[in-house]
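One-letter residues, chain by chain:
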Amino acid sequence: MNASQRVSIETVTVVGAGSWLGATELAHACGADIDWVVQLVEVGIVEQAAPKERPDAWRFESTALRDALEARRLERDFGVGLDAAALILDLQREVRRLKSALSTQGLGR
Amino acid sequence: MDFKNYYSALGVERTASEDEVRKAFRKLARKYHPDVSKEADAETRMRDLNEAYDVLRDKEKRAAYDALADRVARGGSPEGDFQPPPNWDQGYEFHRGAGAGPADHADFSEFFSSLFGAAERRESARRSVRQRGEDHHAAIEITLEDALKGGEREISLRALEADANGQPDWVTRTLHVTIPPGVHAGQFIRLAKQGLPGHGGEPAGDLYLEVRIAPHARYRVEGLDIYMTLPVTPTEAALGAQVQVPTPIGSVVEVTVPPNARAGMKLRLKERGFPGKTPGHLYLLLEIALPPADTDAAKTAYRQLAEAAPFNPRRHLGVDA
């Protein structure tokens, strides 16, 4: 019942310059729909790589995927609204930046 | 395989209401959130919590799990030897709720998939709609050197795949992945069609691997920049010097330490960090390392220096000596 197999993968893409994620792809990666991505853009949780009017022309970087996934989990696990999620993500980024700055000075954990 | 007690994972009684289960989960999810937790095993604890909550928040799954726990208690299966009885879940239907979010199930334990994997298989096979498979996410930790220069990694994942009869089945897949050079922390590597299988002839979803850089003994990474502590002697710091510095890609470069350099001073090696639209830099944080005064000659030299260049580093503290 629990089989195992080996797969060799030669071709991968790095999400970012040259291989952006479209709005539909970002939504699909988060188990959501495109309207949800539109809301993320409206509240500023994710930013387009190069701002365009129509959602089908939107392009996103890796950071957008990371923040969108995190927002999805915050919604699901804590029932927070997207505005609160945006604030939590801002604070989280700031905490990580400060921790990283501390560690470059040999301080912190 | 151990029988997992999802109630104790969340610290609630079996009689706990939906509301109590939710509150317990949220409290623990805050405690073990990787950004605030001081616990070394926070990530594993979070995964266990997510798994327990996935079952206990869902009425059908919880009822099926409770019934099975009763059977196990009556049957007294020895510790570590649990196998779900055949058709244990007959009569229960499990659905992935709308808005369930990213497909985390593949990260759950073998225990979880042995219980609910079969139901997910049935549900998946029953779907007649044409739909692309769900994307799957995982993290991959690579060395700084591999991130900069590229490398190869193996990663094992459990995933739903169609078997010879076209029925989806859980398989453990070991992926041998070529890491492209220049990936940095927080970027996603996308593996096309390595996610969950599609329905009605639609393609599988993709697998996204979030890149994490393993801690390095010598270098620290911040965004696209790389930091390293560079020890210099007091003589090199005072008079300036050309010193050799090893870079993360394995080369050695000559760096000029300017005269009157101080501890904590930052030297920048332009664009020797991670590549990007705005490439990162390699920063060298100067640290003054004292030559040991362990010979008469060295002691004499220190005394001569003190005489030749009288210096009170504590003057700003308002003391004379």
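Criteria and cut-off values
- Residues numbered from 1 in each chain as written.
- Chains lettered and ligands numbered in written order.
- Predicted model: local features only at pLDDT ≥ 70, side-chain atom pairs only at ≥ 80, totals over all residues.
- Heavy atoms only, no water.
- Helix = DSSP H or I, 4+ residues; strand = E, 2+ residues; numbered from the N terminus.
- Rg over C-alpha atoms; globule rule 2.2 N^0.38 Å.
- Buried < 20%, exposed > 50% of the residue type's maximum accessible area, 1.4 Å probe, protein only.
- Contact = heavy atoms within 4.5 Å.
- Pairing = 2+ DSSP bridges.
- Buried area = accessible area lost by both parts, 1.4 Å probe.
- Salt bridge = Lys/Arg side-chain N within 4 Å of Asp/Glu carboxyl O.
- Polar contact = N/O pair within 3.5 Å; in protein donor to acceptor, adjacent residues only side chain to side chain.
- Nonpolar A, V, L, I, M, F, W, Y, C, P; charged D, E, K, R; others polar.
- Expected span 1.5 Å × (residues − 1).
- Arc of directions from axis to C-beta.
- pLDDT = per-residue confidence, 0-100.
- Axes fitted to C-alpha atoms, helices over the stretch in contact; angles between N-to-C directions.

**Remarks on the overall build of chain A**
Along chain A, the regular secondary structure elements total four helices and four strands. Going residue by residue from the N terminus, the α and β elements of chain A occur as β-β-β-α-α-β-α-α. Here the C-alpha atoms of chain A give a radius of gyration of 17 Å, more than 25% beyond the 13 Å that 2.2 N^0.38 yields for 109 residues. With respect to the three principal axes, the spread of C-alpha positions in chain A is 45 × 40 × 35 Å. The 109 residues of chain A split such that 39% are buried. Contacts spanning at least 24 positions in sequence make up 53% of the contacts within chain A whose residues lie at least 6 apart.

**Considerations on the environment of Thr235 of chain B**
Along the chain, Thr235 of chain B turns up in helix H7 (residues 234-239). Distance in space between the C-alpha atoms of Thr235 of chain B and Leu290 of chain B is 9.3 Å, their sequence separation being 55 residues.

**Quick word on the pairing of strand E1 (residues 136-142) of chain B**
Two faces belong to every sheet, and in a regular strand the side chains alternate between them. All names here are of chain B. Most of E1 sits out of view: five of its seven residues are buried. Bridge analysis of E1 against strand E5 (residues 207-213) gives seven bridges, and the strand direction is parallel. Within E5, the position partnered with Ile142 by the bridge is Ile213.

**Some details on the interface of chain A and chain B**
Across the boundary between the two partners, chain A contributes 41 residues, which contact 52 residues of chain B. Regarding the contact of chain A and chain B, the summed buried area is about 4,200 Å², with carbon and sulfur atoms giving 47% of it. For chain A, the biggest contributors to the area lost against chain B are Ile9, Arg76 and Phe78 of chain A; these three give 16% of the whole. Linking chain A with chain B are three salt bridges, by the criterion used here. Viewed at the interface, chain B and chain A are joined by 17 residue pairs in polar contact (both at pLDDT 80 or more). Those elements giving two or more residues to the side of chain A that touches chain B turn out to be strand E1 (3-9), strand E2 (13-14), helix H1 (23-29), helix H3 (62-78) and helix H4 (82-104) of chain A. At 10 residues, H3 of chain A tops the list of elements feeding residues into the side of chain A that touches chain B. Its residues assigned to classes, the side of chain A that touches chain B comprises 15 nonpolar, 13 polar and 13 charged.

**Focus: helix H2 (residues 18-31) of chain B**
In an α-helix, one turn spans 3.6 residues, which is why side chains three or four residues apart end up on the same side. Residues and elements named next belong to chain B. When the terminal C-alpha atoms of H2 are compared, their 20 Å separation across 14 residues agrees well with the 20 Å that a helix rising 1.5 Å per residue should span. Buried residues of H2: Val21, Ala24, Phe25, Leu28 and Ala29, and no others. Buried residues along H2 cover an arc of 130 degrees about the axis, so they all sit on one side. Exposed side chains of H2 directed beyond 90 degrees from the buried face belong to Lys23, Lys27 and Arg30.

**What about the confidence of the model for chain A?**
Per-residue pLDDT for chain A has a mean of 88; in total, 95% of the residues score no lower than 70. For chain A, per-element mean pLDDT is lowest for E1 of chain A, which scores 78, and highest for helix H2 (residues 34-43) of chain A, which scores 96.

**Observations regarding the sheet that holds strand E7 (residues 225-232) of chain B**
Spatially, four strands are ordered E6-E7-E11-E10 (chain B) in an open sheet, and the strand pairing comes out mixed. If you trace the sheet from one side to the other, it starts and ends with strand E6 (219-222) and strand E10 (266-269) of chain B, each paired once. Sheet twist, expressed as the average angle between the axes of neighbouring strands with direction ignored, equals 30 degrees. Across the sheet, H4 of chain A touches E6, E7 and strand E11 (282-288) of chain B, and the angle it forms with E6 of chain B is around 155 degrees.

**Some details on the pairing of E11 of chain B**
All names here are of chain B. Across the seven residues that make up E11, a large majority, five, are buried. Taken together, the seven bridges between E7 and E11 define a ladder with parallel strand orientation. Counterpart to Met228 in the pairing with E11 is Leu284.

**Observations concerning the side chain of Asn50 of chain B**
For Asn50 of chain B, the position within the fold is in helix H3 (residues 42-56). Beyond its immediate sequence surroundings of up to four residues, Asn50 of chain B is in contact with Arg76 and Asp77 of chain A together with Phe25 and Phe108 of chain B.

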